[in-house]
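Per-entry structural report
Letter by letter, the chains look like this.
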Amino acid sequence: MALFDKFKSGLQKTRQVLNTDVRDLFRAGTILDEEMLEEFEGRLIRSDMGVEAADEIVAELRKKFLGRTVDPPAVAETVNAKLRDLLTGSAGTGTGLAEPAGVEEENPDPLARLTVNPLGPTVVLVSGVNGVGKTTSIAKLAKLLTDAGRTVVLAAGDTFRAAAVEQLTTWAGRIGCEIVTGEMNSDPASVAHRGAVRAKELGADVLILDTAGRLQTQTNLMNELAKIRRVVGKQIEGAPHESLLVIDATTGQNGLSQAEKFSEAAGCTGILLSKLDGSAKGGVVIPIRRRMNIPVKFVGLGEGLDDLAVFEPAKFVRALEI
Ligand SMILES: Nc1nc2c(ncn2[C@@H]2O[C@H](COP(=O)(O)OP(=O)(O)O)[C@@H](O)[C@H]2O)c(=O)[nH]1
Ligand SMILES: [Mg+2]
């Protein structure tokens, strides 16, 4: 399936919520009233786009259409335009993040989405809480990079879970990339260290470090993450160049405060939003953009190896269009 179609089907539930609601609520020929707007706002909020964004969309509809005869395509277009604005415009915290706004390519180079080390392997540290999809997403990212002609080394730094190491080893075999593993319960920093050494030996483009799940309140585990950073930084100048925080889209807004704190504690530079497929909470991309100081760089669209896409706001909005 083409990437865009995957994107579209991944966002089907979110789109359905928006689409059905516009048609249900704003029927052709009726007069658009305050009650309709309130009902619509409630439904927007349920897509987890956040109260502020929902407010803005509804305010726009009120300004343009209140008390007038409903023209459903005009209503839909206003909602779409506002969504586009919220994701690609200067809305929100306005951090001036280097997000490709209007440019669209079928298959953008995944490496270009990372903060690249021009002098050697680019080191990507992946962290987040338990079960959000770190290990799976790492395999998918390795596949995406390999498909784009890059050489990748994986370091299986979740030494707590045998299953995580086995899982990643199997995927590495399928992708055809190297993997460095350690003994169960060994120091993940030593696995990261050996990964960095191996990546340099091979002249690899990218080293991706898996880590065990943790909460930002678990001081010893957060210190462990800091140690991993120090250790790879000694091997490779400036490493980790990219620190990706994995957020599970199905947790929607609930996961967000937690992610904000985690991101600050771990010095994250990008978000990988997993499990966007089948979640009706795709709207969560909007509050992520508003509240977090870092961009969404990749999105997970399923459990398979090919189910990861480079995140581009313009494409996201187009996939969401109602
Ligand atoms: N539907 C869906 N499931 C995913 C996605 N990413 C990961 N998963 C599933 O989430 C579960 C936990 O994934 P895992 O990578 O082990 O999480 P980790 O504990 O953060 O490493 C597994 O069942 C994965 O198949 C995704 O993008 N979509
Ligand atoms: Mg894992």
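Residues numbered from 1 in each chain as written. Chains lettered and ligands numbered in written order. Predicted model: local features only at pLDDT ≥ 70, side-chain atom pairs only at ≥ 80, totals over all residues. Heavy atoms only, no water.

Some details on the pattern of salt bridges
Using the criterion set out here, one finds 19 salt bridges in the structure. Linking Arg 214 and Glu 224 is a salt bridge whose minimum nitrogen-to-oxygen distance equals 3.1 Å. Here Arg 214 is found in the loop between strand E4 (206-209) and helix H9 (219-235), whereas its partner Glu 224 is found in helix H9, with 10 residues between them in sequence. We classify Glu 224 as buried; its relative accessible area is 17%. Salt bridges sharing common partners tie together Glu 52, Glu 56, Lys 82, Asp 85 and Arg 290. (Salt bridge = Lys/Arg side-chain N within 4 Å of Asp/Glu carboxyl O. Helix = DSSP H or I, 4+ residues; strand = E, 2+ residues; numbered from the N terminus. Buried < 20%, exposed > 50% of the residue type's maximum accessible area, 1.4 Å probe, protein only.)

A closer look at the nonpolar core
If you look at the biggest cluster of nonpolar residues, it comprises 72 residues, and the most contacted ones within it are Phe 26, Phe 40 and Leu 273. Mapped onto the domain boundaries, this core takes at least three residues apiece from domain 1 (3-88) and domain 2 (110-320). Among all residues touching Leu 273, those that are not within four sequence positions of it are Ile 247, Asp 248, Ala 249, Val 284, Val 285, Ile 288, Val 296, Phe 298, Val 299 and Gly 300. With 30 residues, the next largest nonpolar core counts Leu 111, Ile 138, Ala 172 and Cys 177 among its residues. (Core = buried A, V, L, I, M, F, W, Y, C linked by side-chain atoms within 4.5 Å. Domains from an automatic or database assignment. Contact = heavy atoms within 4.5 Å.)

A word on helix H6 (residues 134-147)
Taking 1.5 Å per residue, 14 residues should reach 20 Å; H6 reaches 20 Å between its end C-alpha atoms and fits that length. Along H6, the residues that are buried comprise Lys 134, Thr 135, Thr 136, Ser 137, Ile 138, Ala 139, Lys 140, Leu 141, Ala 142, Lys 143, Leu 144 and Leu 145. Positive phi appears at Gly 149, one or two residues downstream of H6, with a value of about 85 degrees. (Expected span 1.5 Å × (residues − 1).)

Focus: the confidence of the model for the protein
Confidence in the prediction for the protein averages 89 pLDDT; 93% of positions are at 70 or higher. Here residues 91-102 is a poorly scored stretch, pLDDT under 50, and it has 23 contacts once near neighbours within four places are set aside; other chains count. (pLDDT = per-residue confidence, 0-100.)

Focus on the UniProt feature "domain: SRP54-type proteins GTP-binding" (unreviewed entry) in the protein
When the UniProt feature table is mapped onto this chain, "domain: SRP54-type proteins GTP-binding" (unreviewed entry) is found at residues 295-308. In residues 295-308, the share of helix is 0% and the share of strand is 43%. The end C-alpha atoms are 16 Å apart. (UniProt positions renumbered as here; feature names shortened; annotations may be inferred.)

Concerning the packing of aromatic side chains
Applying the stated criterion to the full structure yields two aromatic pairs. For the ring pair Phe 26 and Phe 40, a centre distance of 5.3 Å and an interplane angle of 80 degrees mean the geometry is edge-to-face. Within this pair, whereas Phe 26 is found in the loop between helix H2 (12-25) and helix H3 (34-46), its partner Phe 40 is found in helix H3, the two being separated by 14 residues in sequence. (Phe/Tyr/Trp six-rings, centres within 6.5 Å; stacked < 30°, edge-to-face > 60°.)

Some details on the environment of Ala 226
Positionally, Ala 226 belongs in helix H9. Look at Ala 226 and you get partly exposed, because its relative accessible area is 29%. Once the C-alpha coordinates of Ala 226 and Ala 265 are considered, the two residues, 39 residues apart in sequence, prove to be 9.5 Å apart.

Section: helix H5 (residues 72-88)
Taking 1.5 Å of rise per residue, the 17 residues of H5 would be expected to cover 24 Å, and the 24 Å separating its terminal C-alpha atoms lies within 8% of that figure. Looking at H5, one finds that the buried residues are Val 75, Ala 76, Thr 78, Val 79, Asn 80, Lys 82, Leu 83, Leu 86 and Leu 87.

Remarks on the site of ligand 1
Inspection of the region around ligand 1 gives 15 residues, with Gly 133, Lys 134, Thr 136, Asp 277 and Glu 303 positioned closest. Side-chain polar atom of Glu 303 to an oxygen atom of ligand 1: 2.6 Å apart, as the coordinates give it. Taking 580 Å² as the accessible area of ligand 1 by itself, protein coverage stands at 80%. Among the elements that take part in the shell around ligand 1, H6 stands out by supplying four residues, more than any other. Its residues assigned to classes, the shell around ligand 1 shows two nonpolar, seven polar and six charged. (Near = heavy atom within 4 Å. Polar contact = N/O pair within 3.5 Å; in protein donor to acceptor, adjacent residues only side chain to side chain. Areas by Shrake-Rupley, 256 points an atom, 1.4 Å probe, with all protein chains shown as cover. Nonpolar A, V, L, I, M, F, W, Y, C, P; charged D, E, K, R; others polar.)

Considerations on the packing of H5 against helix H12 (residues 313-320)
Following both chains from N to C, one finds H5 and H12 inclined at 155 degrees, their axes separated by 9 Å at the closest point. The angle between the axes of H5 and H12 places the two elements in the roughly antiparallel class. Note on packing geometry: the crossing formed by H5 with H12 is right-handed. Residues Asn 80, Leu 83, Arg 84, Leu 87 and Thr 88 of H5 form the contact with H12, whose participating residues are Pro 313, Ala 314, Phe 316, Val 317 and Leu 320. Split by residue class, the contact of H5 with H12 holds seven nonpolar, two polar and one charged. (Axes fitted to C-alpha atoms, helices over the stretch in contact; angles between N-to-C directions. Parallel < 35°, antiparallel > 145°, perpendicular 65-115°, else oblique. Left-handed = near helix turned anticlockwise from the far one by under 90°.)

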